[in-house]
Structure formats: structure tokens, C-alpha cells
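Commentary on secondary and tertiary structure
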Amino acid sequence: MAFVEKKLPADAPVIDKALNWVDSRFPLTKLWNDQWGQYYAPKNFNFWYIFGSLAMLVLVIQIVTGIFLVMNYKPDAGLAFTSVEFIMREVPWGWLIRYMHSTGASAFFIIIYLHMARALMYGSYRKPRELVWLFGFAIFLCLMAEAFFGYLLPWGQMSYWGAQVIVNLFGAIPVIGPDLSLWIRGDYVVSDATLNRFFSFHVIAIPLVLLGLVVAHLIALHEVGSNNPDGIEIKENLDANGHPVDGVPSHPYYTFHDIFGVTVFLILFSAVVFFAPEMGGYFLESNNFIPADSLKTPLHIAPTWYFTPFYSILRATTSDFLYIVQAGIAAYVVLIYLKSSLPALIKAAIAGIGLVMIVGMMPFGLDAKFWGVVLFGSSVMILAGMPWLDQSPVKSIRYRPDWHKIVLVVFGITFMTLGYLGVQPPSPTRNLIAQVSAVLYFAFFLLMPWWSAMGTFKPVPKRVTFKPH
Amino acid sequence: MSNEKQVDSGRRGLLVATCAAGGVVGLSATGAFVSTFQPSERAKAGGAPVEVDISTLKPGEMTTAEWRGKPVWILKRTPEMMASLKATQSEVADPDSAKPYTMPLPEYCEKQSRARKEHEDVLIAVGICSHLGCSPSKKFTPGAQPSLPDNWAGGFLCPCHGSTFDLSGRVFKNKPAPQNLDVPRHMYISDTKIVIGKDEKGEA
């Protein structure tokens, strides 16, 4: 096919001619319209729908501040700690860049957790948005990796011992474990080799993957269209032009909606950066202002707050707790056999896995440390199953039975309890609460196929709930 | 369809061979990248034995030496501390260190004191928790205190996940840590001088 360029009148503005020249060679206008300009989003978005664009903003903040931090940071076990202090004290405005980066890390997780809470409430992971959810889940995993690798770089005591603990998690895997953690560290202890490779992952590898996943997340979202607080597919009700009657183009409507959200966010963000960058030890832990010492673990070590819900599950897994887990697995397999309509082969597979786990948890089997790591990993990975675990006939919590709201609130409280316990020093009572919370956490997901379909559902309206203002 | 092209088996064979050759090169290259993660020769050579002088160590005191980048504790136990080991014998998960962490208990060490017979009061242990590698802190004062049971007889508490160890470095039952602390191979070159990482049989 011959190349045909659209002819514009000779007196057309130069900018139009330039755009036409580009559009004939690259789908610039098309991309803008598909992804934002003519992307019809439901008109009933509430404030919960701000966190997607805020996450994008924080990603940009992290990349830009990160680039400038690397200009002065030295990834060397002998120099890293002092180079961070150099940034803080000697580099003009270096403290601002660093505090923006460290506050940005926590802000990122606050935003992502709220973004995920929104998805839980309104069923945004349900068909046809399974891949939107899975790409988002992969982004969450990347963020955790990014935060973990980045946390070693200041080479303080918490950096050092936090990395030591997480790398040793891999050592719990039978047979290959100890060699695997040696391979990850590149030395017998966390050392210069470890610091250098973590630096490389933090500034190159993970950000590249992260950016690719963000693009995939957005392409998938803009392909299937956004969910909304009513959980209605707006594409099922189109006007004469083929646009959803309940949709508005993102530009200008959501452009300005989001700019308002960005303004509010930046006010809060600046307040933290300027007045409380350490956030009482939650965003930057006091022990991390002591250089790494391989001979002495700080008296109280806890991961940064965003990891603590999962970390609590790891810590709660003691050999006594395994009996509860075994009973739970046995009961679950029975439940699957009696109350599910899965194919016989899948039922048998689940029973097989259950049996292996129960035997493995026996006193003669693998130790509690290994199972702690398994439960820790499962508590994160189980999120990926949401699109298939939820069997409710409606998406949004608005049209679900009222007691579903209580279930969601209890889950929220459980998650926060686990998070709180993770930053506290261990004690027998706290451990017991963490174990109860861990059971509730897993029950929420594993029993979802049943509870999510139970109760009387309210009729879902044909059009979204929207009050013009 | 009638006009479907016949597969040229000669070309198909070449295609398979090319892919296989390319795959081998790709896999080997991946292997090279993966191998860069292994400890370097320099890191491997960093594990020489260390000598420690304990002449100034008083009963009840502990000193820490660095061996292979890890803390090694040398604790001179008092008679009361030694007596506490009998009380903890039934409360620890593995009193005889049958399931060691990274190195077996040297055969010249007693099971309960986990020390050499001729210096039974001196505990030499790698201060790295068998759970996730934190270094436990010393909690030598007996009695009830935060994070510890009421009948605490003295020992170590891992600040990370709450594992507790007795004064021989044996882990208590039902704790996250699965194994006792490691006792490295060691020997006395005089009454007050210890070599860690080396014994009569050579280097550990």
C-alpha cells in the first residue's frame, strides 16, 4: 500500500501541519485518544478512583528523585553509609531529594493499598478485568522487591539485618535453600557483593520491569474499560455515537478531577517531607542511622511498615501453630469435596497438595521455619487468585448482602492488626493474636468461593448511581 | 486446502538445527550470567581461623569475635549458669543437638554444656539464629521480663522473631528457630587462648 499523507489546506496552522506529519508516521493522536483523550470512563467515580493516577505520580517522583540520588550515592559497603549522609548534609538540597524518595516509598504503598482496597470493594478484579488485576498484582510484587532492594542501599543497621532476614528466608527451602541464599548474597554474609547487586536491581532491573507492567496494566484497563462503584458494565449501554451513556471522556473530565486529587496529595506529601520525614520511625527507622554492623543485630528489628502484615504471618508460624494449620487444611479438603463443583481431577489435586502439606508439617517433617516462609509467600500470592475466588453474582459491595460489608471490614481490621503486630516486639500474647489474625486472613480468601455467593443480593440498577452537581 | 505448500523437510530440519544451536548458545549465556552471582574466590578465601585471647574474660562475661563475617560468642559461664542447663534440659527442643543448623556439634563437645570437657564453662557459639540469621541478644538476668517467660533462667533472645536459647545456645521448644546455635570447631592453644575455625583435625 502506498504511503498516503492527509492533505491539510495550505493556510492550516503550522502546529496542525506538524501534528499531521507525525500522525502519518506514528499514531500519536490515536494513542492519546485511545488511552486518555477519548477514553470513556464511568461518570460515577468517587474519591477511591484517585489512587491510580496518584500511583503514577509517585512512580514519576521515585524515578526522578532516584536518578538524582544515584548521582551522589556510592554502592560500596565501605562508602555507602557516608555517601547517604553526604547527600543529606553536603549536597545542596540533597536532603530534599532523599526525603522525597524515602517518603515516596511509603506513599507508594499507602496509595497501592488503598487502590487495592478499592478493587476489593467494587469487585474491579472480576471478569473481564482479570488481567488488569494480575498485571496490578505483578506491579505490587515488583514494588515490594524494589522497596526491599532499595532498603539495603543506605547500609544502616536496619538495612543490613533486614536484608539478612529476607535473604535467609530462601535458606528455609529444603535441599537447595542454603546454597540459594549464598548465591543471592554472593558471600557468606550480607556484604559488598550483595550491596552491589541489590543496587543494580534497584536502579535498573526492577524499574524496567515495573514500567513495562504499568504499561500493560493501563493497556489492559483501557481495553476492557474501567469498573465503577456500582460494578456496572457501562459499555453495555451505548449512545448513538457508540460511546457509553454513563461514560465521560477522561479528558477534560477526569484530568481536572485528578489534578484536584494530586493537589491534595502533594499538600500531605510535602507536610511529611518537610515536617516528619521519619514519620516517628515508620518511614525511616532510627536504627538505620547507625552504620551496618555484621556482629550486632539491633535490639528491636522490624521491617518497614508496608511489609509487616505479611511478616507477622511469618513470625506467627511456630510448631504449635502448625497443628492448627494441619486441621485447617484437612477441613478445607473436606469442604472442597462436599461443597464445590470443581472437576474431580482438580479436587484430587487439591486433596493431594493438602495431604503432602499435612504430612510435611508433622514433627518428623519439615520444620516450622519452612512453613512460616510458605505461609508468608502464600499470604501475598493468594491475592492473585481474587478474580476466581470471588463467586458473588454482583461486583460491587453496594449490591451485596449487608453482612458482606462486615466481612470486608473484619478483613481490613485483620490486615491492619497483622501490620501493627509486625512492628511490635514479639510476645506470647501478641503471637497468639497474630495467629488468630493469620487464620482469619487465610479464611477470608480460601472460603471466599462460598461466602461471597451466600446471602440475598440487591438488584443491580441498569444505570450508574449519579447525582449531577 | 489444495494449494497448501508442502513442508520442505530439508529446510524444516535446518530450521530445527538452527533453533537448537541458538538455544544452546542462549542457555550457555544465561548460565554465565547466573554464575556471576556465586561468591567470588576472594569471598571464599575470607574464612581463615581466628585467635581469641580470653585471659581477661571474667565468669558471667561474654565477648564477641568475628569469624567468616559472623559473630562468634565466647561466654564464660558461672556455676549458677551451668546449673541452669540442667533445668532447661527438658525445655529445649533438641537437647543433644541431633539436628544441627549448618555444622554438627563437634564430637569433643559435651551434649549439655556444648563445650569442650576441659573448659566446660566456656561456651563458644556462632551468634546467628537458625531461624533467619539475626544475632540474638544476651538476656543473662534470670526472672520474668518483657518477651521472656516467667521462669527465665538466663540465655539469649532473638529480637527478630522471639526465639529463645538457653545458656548453651539450645533453642527452646515451640519457637520459630528450628535448630540450636552452631558451635564452630575450635581448640585451645593455651588455657586462655582459643582458635576458632580450627581444631586438632585441621581447619573447619
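Quick look at the structure, then. (Residues numbered from 1 in each chain as written. Chains lettered and ligands numbered in written order. Predicted model: local features only at pLDDT ≥ 70, side-chain atom pairs only at ≥ 80, totals over all residues.)

1. Structural notes on the overall build of chain A
Across its full length, chain A holds 18 helices and 2 strands. Taken over C-alpha atoms, the radius of gyration comes to 25 Å for chain A, in line with the 23 Å a tight globule of 469 residues would show. Dimensions of chain A along its principal axes, counting C-alpha atoms only, are 80 × 65 × 50 Å. Scored against the burial criterion, the 469 residues of chain A give a buried share of 37%. Of all intrachain contacts in chain A linking residues separated by at least 6 positions in sequence, the fraction that spans at least 24 positions is 76%. (Helix = DSSP H or I, 4+ residues; strand = E, 2+ residues; numbered from the N terminus. Rg over C-alpha atoms; globule rule 2.2 N^0.38 Å. Buried ≥ 20, exposed ≤ 12 C-beta atoms within 10 Å, placed from the backbone. Contact = placed C-beta atoms within 7 Å.)

2. Let's talk about the interface of chain A and chain B
Interfaces are often sized by the accessible area lost when the parts come together. With 33 residues of chain A in contact, the opposing surface of chain B contributes 28 residues. Among the secondary structure elements, those contributing two or more residues to the side of chain A that touches chain B are α7 (157–170), α8 (177–185), α12 (319–339) and α14 (368–381) of chain A. Ranked by the residues each element gives to the side of chain A that touches chain B, the list is headed by α7(A), at 5 residues. Taken together, the residues that form the side of chain A that touches chain B break down as 16 nonpolar, 11 polar and 6 charged. (Nonpolar A, V, L, I, M, F, W, Y, C, P; charged D, E, K, R; others polar.)

3. Some thoughts on the environment of A:Ser159
Considering the arrangement of structural elements, one finds A:Ser159 in helix α7. By C-beta crowding, A:Ser159 is classed as buried, having 25 other C-beta atoms within 10 Å.

4. Overview of the sheet that holds strand β8 (residues 186–190) of chain B
Residues and elements named next belong to chain B. Taken in spatial order, the 3 strands of this open sheet run β1-β9-β8, and their pairing is antiparallel. The sheet terminates laterally at β1 (50–53) and β8, the two strands that pair on one side only. Within the sheet, the average angular offset between the axes of one strand and its neighbour, ignoring direction, is 30°. Bridging between β8 and strand β9 (residues 193–196) involves 4 bridges; their strand directions are antiparallel. Within β9, the residue paired with Tyr188 across the bridge is Ile194. (Pairing = 2+ DSSP bridges. Axes fitted to C-alpha atoms, helices over the stretch in contact; angles between N-to-C directions.)

5. Details of unusual backbone geometry
Residue and element names in this part refer to chain A. Residue Lys127 is joined to Pro128 through a cis peptide bond whose omega torsion reads 5°. Tracing the sequence through the fold places Pro128 in the loop between α5 (94–122) and α6 (130–152). Between His251 and Pro252 the backbone carries a cis peptide bond, its omega angle lying at 10°. By the secondary structure assignment, Pro252 is in helix α10 (residues 250–275).

6. A look at the nonpolar core
Soluble, globular proteins show a tendency: their nonpolar side chains are buried together. Counting residues in each nonpolar core, the largest one holds 127 residues, and the members touching the most others are A:Ile313 and B:Ile124. Per element, the largest residue contribution to this core is 11 residues, and it comes from α6(A). Among all residues touching B:Ile124, those that are not within four sequence positions of it are B:Val72, B:Ile74, B:Ala115, B:Val183, B:Pro184, B:His186, B:Ile194 and B:Ile196. (Core = buried A, V, L, I, M, F, W, Y, C linked by C-beta atoms within 7 Å.)

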